[in-house]
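# Overview (structure and organization)
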Amino acid sequence: MPSGTLEVLLASGNGLKSGDFFSKTDAYAVLSCGSQSQKSNVARNQGSSPSWNQRFLFSVEEGVEELTLKIMDEDFMTADDELGCVTVPLETVFQLGKTPTSGYNVVKKNGKNRGEVKLSLTFTLKQRTDSFHYNAAGNSVHGPSMLGQGSGVQGPYGSGGGGGWNQGA
Ligand SMILES: [Ca+2]
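Residues numbered from 1 in each chain as written. Predicted model: local features only at pLDDT ≥ 70, side-chain atom pairs only at ≥ 80, totals over all residues.

### A closer look at the overall build of the protein chain
As a reminder of what qualifies: The numbering of helices and of strands both runs from the N terminus, where a helix is a DSSP run of H or I of at least 4 residues and a strand a run of E of at least 2. Our exposure labels follow a C-beta count within 10 Å of each residue's own C-beta, placed from the backbone: buried means 20 or more other C-beta atoms, exposed means 12 or fewer, and partly exposed covers the counts in between.
Helix and strand counts for the protein chain stand at one helix and eight strands. The order of helices and strands in the protein chain, counted from the N terminus, is β-β-β-β-β-β-α-β-β. Across the 169 residues in the protein chain, those meeting the buried criterion constitute 23%.

### Some words on the environment of Ser 59
Structurally, Ser 59 is set in strand E4 (residues 51-60). Since 18 C-beta atoms lie within 10 Å of it, Ser 59 is described here as partly exposed. For the pair Ser 59 and Leu 125, spaced 66 residues apart in the sequence, the C-alpha separation amounts to 9.9 Å.

### Describing the pairing of strand E8 (residues 113-125)
How we decide: Two strands are said to pair when DSSP picks up at least two bridges between them.
Alignment of strand E1 (residues 4-14) against E8, held across 10 bridges, turns out to be antiparallel. Note that in E8 the partner of Thr 5 across the bridge is Thr 124. As paired elements, strand E7 (residues 98-107) and E8 share seven bridges and run antiparallel to each other. Bridging from a neighbouring strand, Gly 103 pairs with Lys 118 of E8. Hairpin geometry of E7 and E8 is characterised by an intervening segment of five residues between the two adjacent antiparallel strands and by a positive phi of about 90° at Gly 111.

### Some thoughts on the nonpolar core
As a reminder of what qualifies: Joining buried Ala, Val, Leu, Ile, Met, Phe, Trp, Tyr and Cys residues through C-beta atoms within 7 Å gives a set, and that set is a nonpolar core. Throughout, a pair of residues is in contact if the C-beta atoms placed from their backbones lie within 7 Å.
In this structure, Val 8, Ile 71 and Val 117 are the most contacted members of the largest nonpolar core, which totals 29 residues. Among the secondary structure elements, those contributing two or more residues to this core are E1, strand E2 (27-33), E4, strand E5 (66-73), strand E6 (81-89) and E8. Ile 71 has contacts with Gly 13, Leu 16, Ala 27, Ala 29, Leu 83, Gly 84, Val 86, Val 106 and Val 117, leaving out every residue within four places of it along the chain.

### What about unusual backbone geometry?
The phi torsion at Asn 45 lies on the positive side, around 60°, for a residue other than glycine. By secondary structure assignment, the location of Asn 45 is in the loop between strand E3 (36-39) and E4. The phi angle at Asn 53 is positive, at roughly 45°, despite the residue not being glycine. For Asn 53, the location among the structural elements is in strand E4.

### Quick notes on the pairing of E3
The side chains of a regular strand alternate, residue by residue, between the two faces of the sheet. Of the strand pairs in this sheet, E2 and E3 are connected by four bridges, and their pairing is antiparallel. Within the sheet, the bridge partner assigned to Val 30 lies in E3 and is Lys 39. What sits between E2 and E3 in their antiparallel hairpin is a turn of two residues, with Gly 34 showing a positive phi close to 60°.

### A look at the environment of Leu 6
Looking at where Leu 6 falls in the secondary structure, it is placed in strand E1. Residue class for Leu 6 comes out buried when judged on the 25 C-beta atoms lying within 10 Å of it. Placed 118 residues apart in sequence, Leu 6 and Thr 124 show a C-alpha to C-alpha distance of 6.5 Å. Dropping the residues within four chain positions of it, Leu 6 is found in contact with Cys 33, Phe 58, Val 60, Leu 121 and Phe 123.

### Brief notes about the confidence of the model for the protein chain
Convention followed: The quantity called pLDDT is the predictor's confidence in a given residue, expressed from 0 to 100.
The pLDDT averaged across the protein chain works out to 82; a share of 73% of its residues lies at or above 70. Ignoring residues within four places in sequence, the model shows residues 136-155, a span with pLDDT below 50, making 17 contacts including any to other chains.

### Describing the environment of Leu 90
Position of Leu 90 relative to the elements: it lies in the loop between E6 and helix H1 (91-96). Ignoring any residue separated from it by four or fewer positions in sequence, one finds Leu 90 in contact with Val 64, Glu 65, Glu 66 and Leu 67.

See below:
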């Protein structure tokens, strides 16, 4: 498996439903990739067809093969309900570099499908000299030239032999 940067554009959902009859569905997603998690905005009062249009960046480590989204309904008086889970295999985006916006099934805890979310993926392979990382702030989607100017973005191994441990002595 490659390592690099995965960009997720979470567009919208439809057909989502909570078991909650008395309040609107206020859906949000918790996206997880490897050891990283990020939370989307809450689509308050948007019911079963929320629209997020939000972008997330993950740095993909070796061995990561899928992105998962837990779709939640925010509730004020009680704990948030889980509407279901979405599993997105990353094999296609690793091969093609990008996938078009498509719908992925939301699977409830009882194993039944209940609605879908629409998202697209872009994957950028890590360059060998690349020592920066994107973080979750998401403002610098346009590449390394906007990052790290004058901030000494050097690899951890130093250059010119000055770095490293002093062994022996
Ligand atoms: Ca709610």
